[in-house]
Amino acid sequence: MFFAATAKELSLPNQSENPIERLSDAFEAGIQSVAAYARVQPGDKSLLDALIPAIDFIKSKRTKQYFTSQDWKDLALVTERAAQETQNFAPTVGRAAYT
């Protein structure tokens, strides 16, 4: 679902020529799609809890034309940290909530 919505957004005409801006907008569309379909919110211990900080990082780079190798490393660290932080969340949705 996330990737389908992201791909759909990337395929739309008349988008910015800035690839970081396009990627940011596409990932935001993916997050909105998952949130609407699965009815999840940040803190529900879903994939959004790792994706939202990653997308926020990408959004912070919107004015750049490309990512440097350091940007990619920083993005990986942000995403890894966000995923690790979900370990302390109580699951409220999905299979984990029923076990």
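First things first, this report covers the structure right here in the doc. All values derive from a computational prediction rather than experimental measurement. (Residues numbered from 1 in each chain as written. Predicted model: local features only at pLDDT ≥ 70, side-chain atom pairs only at ≥ 80, totals over all residues. Heavy atoms only, no water.)

**Some words on the overall build of the protein chain**
Now for step 1: When helices and strands are tallied, the protein chain shows 4 helices and 0 strands.
Now for step 2: Here the protein chain holds 99 residues, and 30% of them are scored as buried.
Now for step 3: Within the protein chain, counting contacts between residues at least 6 apart in sequence, those at least 24 apart form 62% of the total. (Helix = DSSP H or I, 4+ residues; strand = E, 2+ residues; numbered from the N terminus. Buried < 20%, exposed > 50% of the residue type's maximum accessible area, 1.4 Å probe, protein only. Contact = heavy atoms within 4.5 Å.)

**Describing helix H3 (residues 48-60)**
Now for step 1: Between its first and last C-alpha, H3 extends 18 Å over 13 residues, near the 18 Å set by a 1.5 Å rise per residue.
Now for step 2: Contact partners of the buried residues in H3: helix H1 (2-11), helix H2 (19-38) and helix H4 (69-85). (Expected span 1.5 Å × (residues − 1).)

**Digging into H2**
Now for step 1: Taking 1.5 Å of rise per residue, the 20 residues of H2 would be expected to cover 28 Å, and the 28 Å separating its terminal C-alpha atoms lies within 8% of that figure.
Now for step 2: Within H2 the residues assigned to the buried category are Ile20, Ser24, Ala26, Phe27, Ala29, Gly30, Ile31 and Val34.
Now for step 3: Looking at the buried side of H2, the elements it contacts are H1 and H3.
Now for step 4: Here H2 starts with a cap whose side-chain oxygen sits 2.8 Å from the backbone nitrogen of Ile20, and that cap is Asn18. (Polar contact = N/O pair within 3.5 Å; in protein donor to acceptor, adjacent residues only side chain to side chain.)

**Some points on the nonpolar core**
Now for step 1: Judged by nonpolar contacts, the single largest core of 15 residues is most densely connected at Phe2, Ile31, Ile58, Phe67 and Leu75.
Now for step 2: The greatest single-element share of this core, amounting to 6 residues, is contributed by H3.
Now for step 3: Residue contacts for Ile31: discarding those within four places in its chain leaves Phe2, Leu48, Leu51, Ile52 and Ile55. (Core = buried A, V, L, I, M, F, W, Y, C linked by side-chain atoms within 4.5 Å.)

**Here we look at the packing of H2 against H3**
Now for step 1: Where H2 meets H3, the closest approach of the two axes is 9 Å, and the angle between their N-to-C directions is 155°. Classified by the angle their axes make, H2 and H3 are roughly antiparallel. Crossing handedness for the pair H2 and H3: left-handed. Contact residues: Ile20, Leu23, Ser24, Phe27, Glu28, Ile31, Val34 and Ala35 in H2; Leu48, Leu51, Ile52, Ile55, Ile58 and Lys59 in H3.
Now for step 2: Here the contact of H2 with H3 is composed, by residue class, of 11 nonpolar, 1 polar and 2 charged. (Axes fitted to C-alpha atoms, helices over the stretch in contact; angles between N-to-C directions. Parallel < 35°, antiparallel > 145°, perpendicular 65-115°, else oblique. Left-handed = near helix turned anticlockwise from the far one by under 90°. Nonpolar A, V, L, I, M, F, W, Y, C, P; charged D, E, K, R; others polar.)

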